[in-house]
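# Structural overview for review
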Amino acid sequence: MKPSRWLPLLCLLLLAVFAVGALPMLDEESYLDMASQVASHRGQPYGWWRAWQPWGNDAAGDTSLFAHPPLHWLWLSLWQPLLGDGFALRLVSAGPWALLLGWAVGRLCELHLDRPAVGAVLWLCSPVVLLGLQLSLMVDLPVLALSTAAVALWSARKPELAGALLAAACFVKYPALVIWGLWIPLAIREPRLLLRAAWPFALLFAGSQAFLYASTGHMHLLHVLEHAGEIGRGPLMERAIGTLVRLGLTLTPGAGSPAAAGVAALPAGLSVLGLEMDGGVLLTALLAGWGGALLAMAALALKDSHSRILGLWALLCVGAVIFGHNYVGGRYLLPATVPLALLGAQHLERWLPERLQAFGGLVALPWALLGLAMVNAERQHAQAWAELAERIVLASPEKGVFTGEWTFRYVMRESGWTYHSPAPLPPGTLMATPLHASPGMQPQGELLWAGEVGGAGLRLVDLEQGVGYHAETLGPRPFAWSRGPLASGQLIRVER
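Heads up: these notes are all about the structure in this document. Not measured: the values here are computed from a predicted model.

## Some remarks on the pairing of strand S9 (residues 487-494)
- Of all eight residues in S9, seven are buried, a share of seventy percent or more.
- Here five bridges tie strand S3 (residues 430-434) to S9, and the two strands are oriented antiparallel to one another. Looking at the pairing, proline 434 lines up with glycine 489 of S9.
- Strand direction decides the pairing type here: strand S4 (residues 445-453) and S9, joined by eight bridges, are antiparallel. Residue glycine 445 lies in a different strand from S9, and its bridge partner there is valine 494.

Structure representation (structure tokens):
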């Protein structure tokens with residue numbers, strides 16, 4: 001059976017399994033908050049407020065400085081009032097993206113590979129992809145689905161639909177604009193193909209920007225770029241090295257190009273030696289080396305007319321992360337997983353004996369097991385933050401303020417507590433702080449409660465060990481085994 005038929009259902013099944021009992025993880029909390037606030041006035045998509053960077057506690061802050069256009073939380077706002085924040089919301093709101101993404105990847109495999117099922121398996125077994133399917137309320141899944149479908153439709157010579165879907169992707173997240181860097185060089189010999197994609201894109205993109213101008217008084221994309229420097233940004237070199245490390249998780253090493261590894265693996269691996277790291281140097285260097293090999297594989301593919309589109313696509317996606325993002329998280333590399341999986345499958349077709357090619361996808365099994373372990377680690381960490389919040393609420397004689405982000409912020413907010421950005425607090429205020437979830441500045445006060453949740457395990461975020469899969473600014477290592485608690489926090493009463 002063609003992958004474009006079974007891969008969508010498999011993606012949906014995985015998304016549904018990951019959604020069972022899942023709490024809001026990472027920035028899912030923020031999108032749920034924004035969606036709930038705009039549900040009654042969707043014509044004002046930035047008519048929400050939350051204490052957040054760069055405006056702190058200033059309720060007069062300009063929320064249209066938020067870097068993303070609003071299609072994602074507007075979409076969530078349609079379903080959240082009906083379905084709540086749990087399993088049903090994930091399945092109904094994210095299910096269509098999983099189906100579209102599975103179809104698009106499967107179709108691209110059919111267009112570029114002799115054995116398309118191998119490419120589909122390599123892609124689905126990527127830890128980056130599996131984590132992307134688990135974080136189903138994040139902005140990354142819909143933009144990946146729409147932009148990948150746009151490329152698939154372009155490759156199938158349906159440029160009008162491709163342009164329309166790319167405009168929708170750009171109304172979710174602006175980095176999808178890099179796809180034009182893929183299409184323009186490929187259309188030099190067929191400019192009419194480019195024009196057929198350009199007119200629906202221009203019409204829909206201009207319409208979306210006009211809608212935002214009418215609701216905010218700003219040309220949103222220009223407004224965001226003008227104020228980009230107000231958002232915290234990691235150093236370029238560390239972001240580039242962090243990209244190599246996380247790129248090493250996008251595709252199993254069993255599907256790589258020996259030639260590319262010989263060119264780039266050693267210098268890329270050695271690049272991590274300049275980082276401040278508390279252990280895990282060898283693993284981080286190996287991942288960076290493999291990431292460098294994948295980058296070289298994409299660059300070498302530019303010489304091959306059969307693979308050029310895939311190499312260029314991967315390079316554009318990686319370049320957008322290094323030069324366009326404030327920091328690098330594994331989920332930002334999701335768009336690169338598709339062309340890299342296809343390139344890896346092409347290499348398997350070249351060097352595997354024909355009788356073994358049908359089993360080429362088995363080389364991805366170790367990476368799939370790693371991915372599932374990382375999915376479980378993310379889930380366990382979210383549950384620990386939720387349990388920590390619940391313990392603090394039970395230990396407190398009254399409601400107060402709190403710092404922290406992610407699942408901890410979601411549970412505290414749902415419990416009626418007030419989020420607090422760094423600012424002086426009145427004496428006697430109760431303040432709850434998670435020590436490992438972006439706690440912010442700590443005022444002096446009387447300690448009323450302190451506790452820990454969980455024990456040793458795999459971590460994707462551990463500030464003390466320099467682990468930060470979701471941002472190299474949290475730590476250079478994408479994962480590590482930790483013997484410390486999953487979550488710890490405290491409750492204090494600010495000094496009188």
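## Considering the layout of surface pockets
- Empty space within the second largest pocket amounts to approximately 490 Å³.
- Every element with two or more residues in the lining of the second largest pocket is listed here: helix H4 (87-112), helix H7 (140-155) and helix H15 (308-324).

## A closer look at empty space enclosed by the protein
- Under the definition given, this model contains three cavities of 30 Å³ or more.
- Considering only enclosed or pocket space, the largest cavity measures out at about 220 Å³ in volume.
- Lining the largest cavity are 18 residues, and of these Val143, Pro175, Ala176, Tyr332 and Pro335 sit closest to its centre.

## Brief notes about unusual backbone geometry
- A positive phi is found at arginine 157, a non-glycine position, where the angle reads about 60°.
- Here arginine 157 falls in the partly exposed class, since its relative accessible area comes to 48%.

## Considerations on the pattern of salt bridges
- Counted under the stated rule, the structure contains 17 salt bridges.
- For arginine 50, the salt bridge goes to aspartate 33, with nearest N and O atoms at 2.7 Å. Residue arginine 50 is found in the loop between helix H2 (28-38) and helix H3 (71-83), and its partner aspartate 33 is found in helix H2; the two are separated by 17 residues along the sequence. In this pair, the class of arginine 50 matches that of aspartate 33, namely buried.
- Each of Glu29, Asp33, Arg50, Glu405, Arg409, Arg413 and Glu414 takes part in one network of salt bridges that share partners.

## Thoughts on the environment of leucine 474
- When you line up the elements, leucine 474 lands in the loop between strand S7 (467-468) and strand S8 (480-482).
- Leucine 474 sits in the partly exposed class, given a relative accessible area of 28%.
- Sequence separation between leucine 474 and tryptophan 97 is 377 residues; the distance between their C-alpha atoms is 29 Å.
- Excluding anything up to four places from it in sequence, leucine 474 contacts Val461, Leu463, Gly466, Val467 and Gly468.

## Here's the deal with the packing of H4 against H7
- At a minimum axis distance of 8 Å, the contact between H4 and H7 shows a crossing angle of 35°. You can see that H4 and H7 cross each other, and the crossing is left-handed. Along its contact with H4, which presents Ala94, Trp97, Leu100, Leu101, Trp103, Ala104, Val105, Arg107, Leu108, Leu111 and His112, the element H7 presents Leu141, Pro142, Leu144, Ala145, Leu146, Thr148, Ala149, Val151, Ala152, Leu153 and Ser155.
- Tallied by class, residues from the contact of H4 with H7 come to 18 nonpolar, three polar and one charged.

## Thoughts on the packing of aromatic side chains
- One pass over the structure, following the stated rule, counts 15 aromatic pairs.
- Both rings, one in tryptophan 180 and one in tryptophan 183, keep their centres 5.2 Å apart while their planes meet at 80°; by these two values the pair is edge-to-face. Of this pair, tryptophan 180 and tryptophan 183 both sit in helix H9 (residues 179-186), separated by three residues, roughly a single helical turn. Taken individually, tryptophan 180 and tryptophan 183 each receive the classification buried, so the pair is uniform in this respect.
- Pairwise contacts between aromatic rings join Tyr31, Tyr46, Trp48, Phe66 and Trp73 into one cluster.

## Here we look at the sheet that holds strand S1 (residues 401-402)
- The mixed open sheet is built from five strands, whose spatial order is S2-S1-S3-S9-S4. In this open sheet, the two edge strands, each paired with only one partner strand, are strand S2 (418-419) and S4.
- Sheet contacts for helix H17 (residues 365-395): S3, S4 and S9; angle to S4, the most-contacted strand, approximately 140°.

## Quick look at the side chain of glutamate 29
- In this fold, glutamate 29 is placed in helix H2.
- Given a relative accessible area of 1%, glutamate 29 falls into the buried group.
- Side-chain polar atoms of glutamate 29 contact the side chain of arginine 413, separated by 3.3 Å.
- Among residues more than four places away in sequence, those in contact with glutamate 29 are Pro24, Arg50, Glu405, Trp406, Arg409, Tyr410 and Arg413.

## Re a nonpolar patch on the surface
- On the surface, a cluster of nonpolar side chains totalling about 480 Å² of accessible area is made up of Val20, Leu82, Leu83, Phe87, Leu91 and Val92.
- Where the nonpolar patch is concerned, the elements lending two or more residues are H3 and H4.
- By residue number, the principal contributor to the nonpolar patch is H4, which donates three residues.
- Relative to the helices and strands, leucine 91 is located in helix H4.

What counts, and at which threshold
Residues numbered from 1 in each chain as written. Predicted model: local features only at pLDDT ≥ 70, side-chain atom pairs only at ≥ 80, totals over all residues. Heavy atoms only, no water. Buried < 20%, exposed > 50% of the residue type's maximum accessible area, 1.4 Å probe, protein only. Helix = DSSP H or I, 4+ residues; strand = E, 2+ residues; numbered from the N terminus. Pairing = 2+ DSSP bridges. 1 Å grid on protein atoms, 1.4 Å probe; cavity = no way out; pocket = protein on both sides within 12 Å on 5 of 7 lines; lining within 4 Å. Points joined across faces, edges and corners; volume = space filled by probe spheres on them. Salt bridge = Lys/Arg side-chain N within 4 Å of Asp/Glu carboxyl O. Contact = heavy atoms within 4.5 Å. Axes fitted to C-alpha atoms, helices over the stretch in contact; angles between N-to-C directions. Left-handed = near helix turned anticlockwise from the far one by under 90°. Nonpolar A, V, L, I, M, F, W, Y, C, P; charged D, E, K, R; others polar. Phe/Tyr/Trp six-rings, centres within 6.5 Å; stacked < 30°, edge-to-face > 60°. Polar contact = N/O pair within 3.5 Å; in protein donor to acceptor, adjacent residues only side chain to side chain. Patch = residues over 30% accessible without salt bridge, like charges linked within 9 Å, V, L, I, M, F, W, Y side chains within 5 Å. Areas by Shrake-Rupley, 256 points an atom, 1.4 Å probe, with all protein chains shown as cover.

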